[in-house]
Structure formats: structure tokens, C-alpha cells
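Breakdown of the fold
Below are the chains, spelled out letter by letter.
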Amino acid sequence: MAMVRIPDENRTLHEAADVAAHLASIGIEYQRWGPARIVGSDAAPEEILAAYSTKIEELKQRGGYVTADVIDVNPQTPNLETMLAKFNREHWHDEDEVRFIISGRGLFHIHPRTGHLTAIEVEGGDLIRVPRGTWHWFDLCGDRRIRAIRLFQDPSGWTPRYTGSEVDRNYQPVCFGASYLPRRSAVTQL
Ligand SMILES: [Fe+2]
């Protein structure tokens, strides 16, 4: 279950209904998914996609997504710092950012045009859809580990476009459950 924090109000939401309601109010779709059949979080990508195929197809139909894949990020991922540095500054995309978390954790910050800036810590079982054009940024938690299904309307559209606002510098990427990835070290020098 995702946890939500609204830093400017020093408020944290833990209850499922509160989380869903707040995220909906800032345009973020959030669901909890379970697999159609039991599948290990370390199963092969094709097994993962098969286990969630019904949910994936529903989402494809609804959102016009044409492809789905499984991304694995861990401390052994080549060029991890370079990759993280692309996404931990405020940006938007020309298509939706849709992630279903299989295992690991991550921290989205959403900066709505109206409403309060919101941090969302996602974990296994969480589906999040960040609509195209939404200002946001993303960090891993301290263990630097996440496995997720990604859905794309057009993979070529999923490149970050930076706002350059530097508002992200005002918010520490603190994960709630564990240590967090130290910010503004080598990552931001890239
Ligand atoms: Fe993004």
C-alpha cells in the first residue's frame, strides 16, 4: 500500500481511502493489483506479464497503451546513477507514466498545477498512473531496488522534459520505511 505525504502541510496519509481520494484530487490514478495466479517477484519477465495480463489488457484498452515490459533496477544496474539523474529533477512527459510495482520501492513527487505537492512512496502491488504533462520527479529509496511493469502509449514519447524550476531541491527524497538515497551528490553532477 502506497504511503502519501503532503510536506507543505506536514501531513501523512496511511489509510487506503485517504490515499486514493487525495491522489484522485491531484489527477493521479492509483490502484492495488493482485496477480491472476501466484507468481514470485523474481519470476521471468514473461511470467510476470502473463500473471497480470488481464489487468494489463484492461489498462491498455482504457488508456491506449500498446506495449508493456518489466524493468529491473538494482545496485548492479549499469550506469545506475546516470539513469537516476534523468528522473530526479522536475519533468513531464508527452505520454502517461504508468508503473505497476512488483517489488522494491520508489518515491514519486507530484507537483500539481493546483493543490499541494505530494510525495508518494510506492511498493509491491501499487499501480500508479501519472498523466502526460504532469510535473513530477522520481527517486529510488536507499536500497536502490525496484521491479516494475511499464506501459507505453508510444515509447518514443517517454522522455523527460525538464521544467528547470529546481523546486525538487526543496524536498528531500525521504522514503518512509527505510533509509533514503542521498540527494545532490554525484547524481546531480551529471
Ligand atoms: Fe517521469
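The present account deals with the structure reproduced in this document.

What counts and what doesn't
- Residues numbered from 1 in each chain as written.
- Predicted model: local features only at pLDDT ≥ 70, side-chain atom pairs only at ≥ 80, totals over all residues.
- Heavy atoms only, no water.
- Helix = DSSP H or I, 4+ residues; strand = E, 2+ residues; numbered from the N terminus.
- Rg over C-alpha atoms; globule rule 2.2 N^0.38 Å.
- Buried < 20%, exposed > 50% of the residue type's maximum accessible area, 1.4 Å probe, protein only.
- Contact = heavy atoms within 4.5 Å.
- Areas by Shrake-Rupley, 256 points an atom, 1.4 Å probe, with all protein chains shown as cover.
- 1 Å grid on protein atoms, 1.4 Å probe; cavity = no way out; pocket = protein on both sides within 12 Å on 5 of 7 lines; lining within 4 Å.
- Points joined across faces, edges and corners; volume = space filled by probe spheres on them.
- Nonpolar A, V, L, I, M, F, W, Y, C, P; charged D, E, K, R; others polar.
- Pairing = 2+ DSSP bridges.
- Axes fitted to C-alpha atoms, helices over the stretch in contact; angles between N-to-C directions.
- Donors = N, O, S within 2.8 Å, 3.2 Å for Na, K, Ca; no water.
- Polar contact = N/O pair within 3.5 Å; in protein donor to acceptor, adjacent residues only side chain to side chain.

Scanning the protein chain from terminus to terminus reveals 4 helices and 12 strands. Taking 16 Å as the expected radius of gyration for a compact globule of 190 residues, we find that the protein chain reaches 16 Å, a close match to that expectation. In terms of overall dimensions, the protein chain has C-alpha extents of about 40 × 40 × 30 Å along its principal axes. When each of the 190 residues of the protein chain is scored for burial, the buried share is 44%. Expressed as a percentage of contacts within the protein chain between residues at least 6 apart in sequence, the contacts between residues at least 24 apart total 73%. Working note: accessible area of the protein chain is about 9100 Å², and carbon and sulfur atoms make up 50% of it.

Our next topic: the layout of surface pockets. Considering only enclosed or pocket space, the largest pocket measures out at about 310 Å³ in volume. As for the largest pocket, its lining consists of 15 residues, of which Ile 71, Phe 87, Arg 99, Phe 138 and Trp 158 are closest to the centre. If you list the elements that add at least two residues to the lining of the largest pocket, you get β4 (67-73), α4 (80-87), β6 (97-104), β10 (135-140) and β11 (146-152). In terms of residue class, the lining of the largest pocket is made up of 12 nonpolar, no polar and 3 charged.

As a further point, take the sheet that holds strand β9 (residues 126-130). The strand order across the open sheet built from 5 strands is β3-β9-β6-β11-β4, with neighbouring strands paired in antiparallel fashion. Two strands close off the open sheet at either side, each with one partner strand: β3 (29-32) and β4. Neighbouring strand axes in the sheet, compared pairwise and without regard to direction, differ in orientation by 20° on average. In this sheet, β11 lies alongside β4 in antiparallel orientation, the contact comprising 7 bridges. Within β11, the residue paired with Ile 71 across the bridge is Ala 148.

Across a regular strand the side chains alternate sides, sitting on one face of the sheet and then on the other. Relative to strand β8 (residues 118-122), strand β1 (residues 3-6) is paired through 3 bridges, and the arrangement is antiparallel. For Met 3, the partnering residue across the bridge sits in β8 and is Glu 121. As paired strands, β1 and strand β2 (residues 11-13) are joined by 3 bridges and run antiparallel to one another. Bridge pairing in β2 links Arg 5 to Thr 12. Counting the residues in the hairpin turn of β1 and β2 gives 4 residues, including Asn 10, whose phi is positive at 50°.

Attention now moves to the coordination of the iron ion. For the iron ion, every protein donor is listed as His 91 (NE2), His 93 (NE2), Glu 97 (OE) and His 136 (NE2), and the spread of their distances is 2.0 to 2.2 Å. Donor residues for the iron ion, ordered by position in the chain, follow H-x1-H-x3-E-x38-H. For the pair His 91 and Glu 97, one class covers both residues: buried.

Our next topic: the environment of Asp 94. By secondary structure assignment, the location of Asp 94 is in the loop between β5 (91-92) and β6. Between the C-alpha atoms of Asp 94 and Gly 106, which are 12 residues apart in sequence, the distance is 22 Å. Of note is the side chain of Asp 94, whose polar atom sits 2.7 Å from the side chain of Arg 161.

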